Amino acid sequence: PVLLLAMTWAVKRAVAPLHALSGELGSRGADDLKPLGEAATAAELRPLVHAMNGLFARIEATLARERRFTADAAHELRTPLAVLRAQWDLLNAAPDEAARRDAQVRLGRGLDRMDRLVTQMLALTRLEASERLADPAPVAWAPIIEQVFSDLLPLADRRRIELGVEGEPAAFTLRGDAGLLTVLLRNLLDNAVRYAPEGSSVVLRFAASGLQVENAGPPLPAQTQAHLGERFRRPDGQAESGSGLGISIVQRIAALHGLALHPGTRADGQGVVMSLSAP
């Protein structure tokens, strides 16, 4: 009997930290993700507590991304929706056919801007939730370039921009996701075409160290470069529509592929050159 009592006492003493940990977790609210104290925890439970703290940190980061997306969506969609509503009212109140056609064109442009904004917001949110590429494979650049140039041809024709490729795409060897790299290249070239002077050219250049997208636009001011990649931030005075998310998407896809985006200028100090290479 004495031995049984001693064993019972020893077992209770051994599992007491586990009961204390269970009690602390059971008393927490659903939004309480603060780390558990590891210093006062029994040595046997410290690996478990450490792993749980890591899980709490990942959950908190996920919730923070979702809260940020909700806040951004509520903020950024408010104005486009109000504009679309006003344009719809103007369309309904058009006094003649000419005014109706003008209102229809404006409404169509507003819907295009809304579609672009929502598409890019969803793409960025999906990318931020990814920590690594699922199944990287050797990248074939030729079909990616063909797809991107085909997508941008209407915009380039409207602005009379000549698209060109220099260097050998196969020289830039990379393992990654072709779909994501298509999005990356489309965003880089879309920005270059939108902000290049009308009637100029945009060049996609490949080398063994990476790729570059170059246009003949004015060099980026230092303040713009300092805030490059901030979401929903666009330079003042832009005539072309945009959401301020393109560079953020490019930077996230680049990071997933172990690359970094570097803004710069041409050798003569003019134009804008976006370089994508290893950090």
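Structure: above.
Summarised in this report is the structure supplied together with it. These figures come from a predicted structure and were not determined experimentally.

Procedures and definitions
Position numbers for residues start from 1 in each chain and track the written sequence from start to end. The predicted nature of this model means local features are confined to residues of pLDDT at least 70 and side-chain atom pairs, given and counted, to a pLDDT of 80 or more, with totals for whole chains, interfaces and linings taken over all residues. Values shown for side chains rest on all heavy atoms present in the structure; no hydrogens or waters enter the calculation. At least two DSSP bridges between two strands are required for those strands to pair. By definition, any uninterrupted DSSP run of H or I lasting at least four residues is a helix, any uninterrupted run of E lasting at least two residues is a strand, and each is numbered from the N terminus. Helix axes are fitted to C-alpha atoms over the stretch in contact, other axes to C-alpha atoms as well, and angles between N-to-C directions run from 0 to 180 degrees. Whether two residues are in contact is decided by their heavy atoms: any pair within 4.5 Å suffices. Think of it in three bands: residues with accessible area under 20% of the maximum for their type are buried, residues over 50% are exposed, and the middle band is partly exposed, with areas taken using a 1.4 Å probe on protein chains only. What a helix should span is 1.5 Å times the count of its residues minus one. What the bend at a residue measures is the angle between two axes, fitted to the seven residues ending there and to the seven starting there.

**Points about the sheet that holds strand β5 (residues 210–215)**
Sheet strands pair by backbone hydrogen bonding; their relative direction is either parallel or antiparallel.
So, step 1. Ordered in space as β2-β4-β5-β7-β6, the five strands form an open sheet in which the pairing is mixed. Every other strand in the sheet has two partners, leaving β2 (162–166) and β6 (260–264) as the edge strands with one partner each. Pairs of neighbouring strands in the sheet enclose a mean axial angle of 15°, with direction left out of account.
So, step 2. Pairing between β5 and strand β7 (residues 272–277): six bridges, direction antiparallel. Residue Leu 211 lies in a different strand from β7, and its bridge partner there is Leu 276.
So, step 3. Together, β2, β4 (201–207) and β5 form the strand contacts of helix α4 (residues 141–159), whose direction differs from that of β2 by roughly 165°.
So, step 4. Along the sheet, helix α5 (residues 178–195) contacts β2, β4, β5, β6 and β7; its crossing angle with β5, the most-contacted strand, is approximately 20°.

**A closer look at the environment of Pro 35**
So, step 1. Assignment of secondary structure puts Pro 35 in the loop between α1 (2–26) and α2 (46–92).
So, step 2. Looking at Pro 35, the relative accessible area reads 60%, which means it is exposed.
So, step 3. As for Pro 35 and Met 52, which are separated by 17 residues in sequence, their C-alpha atoms are 8.1 Å apart.
So, step 4. With residues near it in sequence (within four places) discarded, Pro 35 still touches Arg 28 and Asn 53.

**Overview of α4**
So, step 1. The end-to-end C-alpha distance of α4 is 26 Å, a good match for the 27 Å that 19 residues give at a rise of 1.5 Å each.
So, step 2. Where α4 bends most, at Leu 153, the angle is about 50°, and the proline Pro 154 comes one to four residues later.
So, step 3. Within α4, the full set of buried residues consists of Trp 141, Ile 144, Ile 145, Val 148, Phe 149, Leu 152, Leu 155, Ala 156 and Arg 159.
So, step 4. As for α4, its buried residues are in contact with β2, α5, β4 and β5.
So, step 5. Immediately downstream of α4, the backbone of Arg 160 shows phi near 55°, a positive value.

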